[in-house]
Amino acid sequence: MSKARIYRGKIDPSIIAELEQLLAGIGCEQLDDTPSEPAEPVEEPAPDAEEGEVEAEIATAPAFLVILDEACAIDPDTDPAIMAAVARGERIIGIWPQGGGGGATPKCFPDVGYDTVVWDPGCIRPSIDGTPQHQKPDGSPAVRPETPTNVC
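What counts, and where the lines are drawn
Residues numbered from 1 in each chain as written. Predicted model: local features only at pLDDT ≥ 70, side-chain atom pairs only at ≥ 80, totals over all residues. Heavy atoms only, no water. Helix = DSSP H or I, 4+ residues; strand = E, 2+ residues; numbered from the N terminus. Buried < 20%, exposed > 50% of the residue type's maximum accessible area, 1.4 Å probe, protein only. Contact = heavy atoms within 4.5 Å. Pairing = 2+ DSSP bridges. Axes fitted to C-alpha atoms, helices over the stretch in contact; angles between N-to-C directions. Core = buried A, V, L, I, M, F, W, Y, C linked by side-chain atoms within 4.5 Å. Phe/Tyr/Trp six-rings, centres within 6.5 Å; stacked < 30°, edge-to-face > 60°. Lys NZ or Arg CZ within 6 Å of the ring centre and 35° of its normal.

**Side note on the overall build of the protein**
Here is step 1 of the chain: Helix and strand counts for the protein come out as six helices and five strands.
Here is step 2 of the chain: Order of helices (α) and strands (β) in the protein, N terminus to C terminus: β-α-β-α-β-α-α-β-α-β-α.
Here is step 3 of the chain: Considering the protein as a whole, with its 152 residues, one finds that 34% of them fall into the buried category.
Here is step 4 of the chain: In the protein, the proportion of contacts linking residues at least 24 apart, taken out of those at least 6 apart, comes to 65%.

**Notes on the sheet that holds strand β1 (residues 3-6)**
Here is step 1 of the chain: Taken together, five strands build an open sheet; the order of strands is β2-β1-β3-β4-β5 and the sheet is parallel. The sheet is open, and its two borders are formed by β2 (29-30) and β5 (113-117), each paired with just one other strand.
Here is step 2 of the chain: Two elements, β1 and strand β3 (residues 63-67), share three bridges in a ladder whose sense is parallel. Pairing of Ala4 across the sheet is with Ala63, part of β3.
Here is step 3 of the chain: The sheet contacts of helix α4 (residues 78-87) involve β3 and β4 (91-95), and relative to β3 the element is tilted by about 165°.

**Notes on the nonpolar core**
The tendency in soluble globular proteins is for nonpolar side chains to be buried side by side.
Here is step 1 of the chain: Core analysis: the largest hydrophobic core is formed by 33 residues, its most contacted members being Leu19, Leu23, Phe64, Leu65, Val66, Ile124 and Ile128.
Here is step 2 of the chain: Those elements that place two or more of their residues in this core are β1, α1 (13-25), β3, α4, β4, β5 and α6 (121-128).
Here is step 3 of the chain: Top contributing element to this core by residue count: β3, with five residues.
Here is step 4 of the chain: In contact with Phe64, not counting residues within four places along its chain, are Arg5, Tyr7, Ala81, Ile82, Ala85, Arg88, Glu90, Arg91, Ile92 and Ile93.

**A look at the side chain of Ser2**
Here is step 1 of the chain: Examined against the element boundaries, Ser2 turns out to sit in the segment before β1.
Here is step 2 of the chain: Since its relative accessible area comes to 8%, Ser2 is described here as buried.
Here is step 3 of the chain: Each residue touching Ser2, except ones within four places of it in the same chain, is listed here: Cys28, Glu29, Arg125, Ile128 and Asp129.

**Overview of the packing of aromatic side chains**
Aromatic ring pairs: the centre-centre distance and the angle between the two ring planes describe each pair.
Here is step 1 of the chain: A complete count under the given rule lists one aromatic pair for this structure.
Here is step 2 of the chain: A cation over an aromatic ring shows up here: Arg91 above the ring of Tyr114, its NZ or CZ 5.1 Å from the ring centre.

**A closer look at the pairing of β5**
Here is step 1 of the chain: Within β5, four of the five residues are buried, which leaves it mostly tucked inside the rest of the structure.
Here is step 2 of the chain: Judged from the four bridges that link them, β4 and β5 form a sheet pairing that is parallel. Within β5, the position partnered with Ile93 by the bridge is Asp115.

Here's what the structure looks like:
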């Protein structure tokens, strides 16, 4: 079963309630806002890990959902919450607000965000399940972010 945690911060409670209903409708288990387990460092996949094994780990990791609106982008607690979720091994998924407005991203999101999707169960569910959508606020395809790597 898919699992997700919602960043609530300074987001309008009615918007959070709508997202909770959407998650319930797609059969996604909602995790507690504040995890009871301490943050543990994320272990990198073994150098000899098969690509399928790495993809399976990504698909089973819980998602941390962040609504990409202005309130979230200017909330000083957003970046620390996102980085704590990254430390727990959660995939950071940005959800563009309903109506396809311009939206805004928190400062750290471009560096750690796994995916961005429009407010649509048909897009959110695959992203939570580990299939990135990479969408702009209007639903059109976004440029897939490049992950910088260091030469060993």
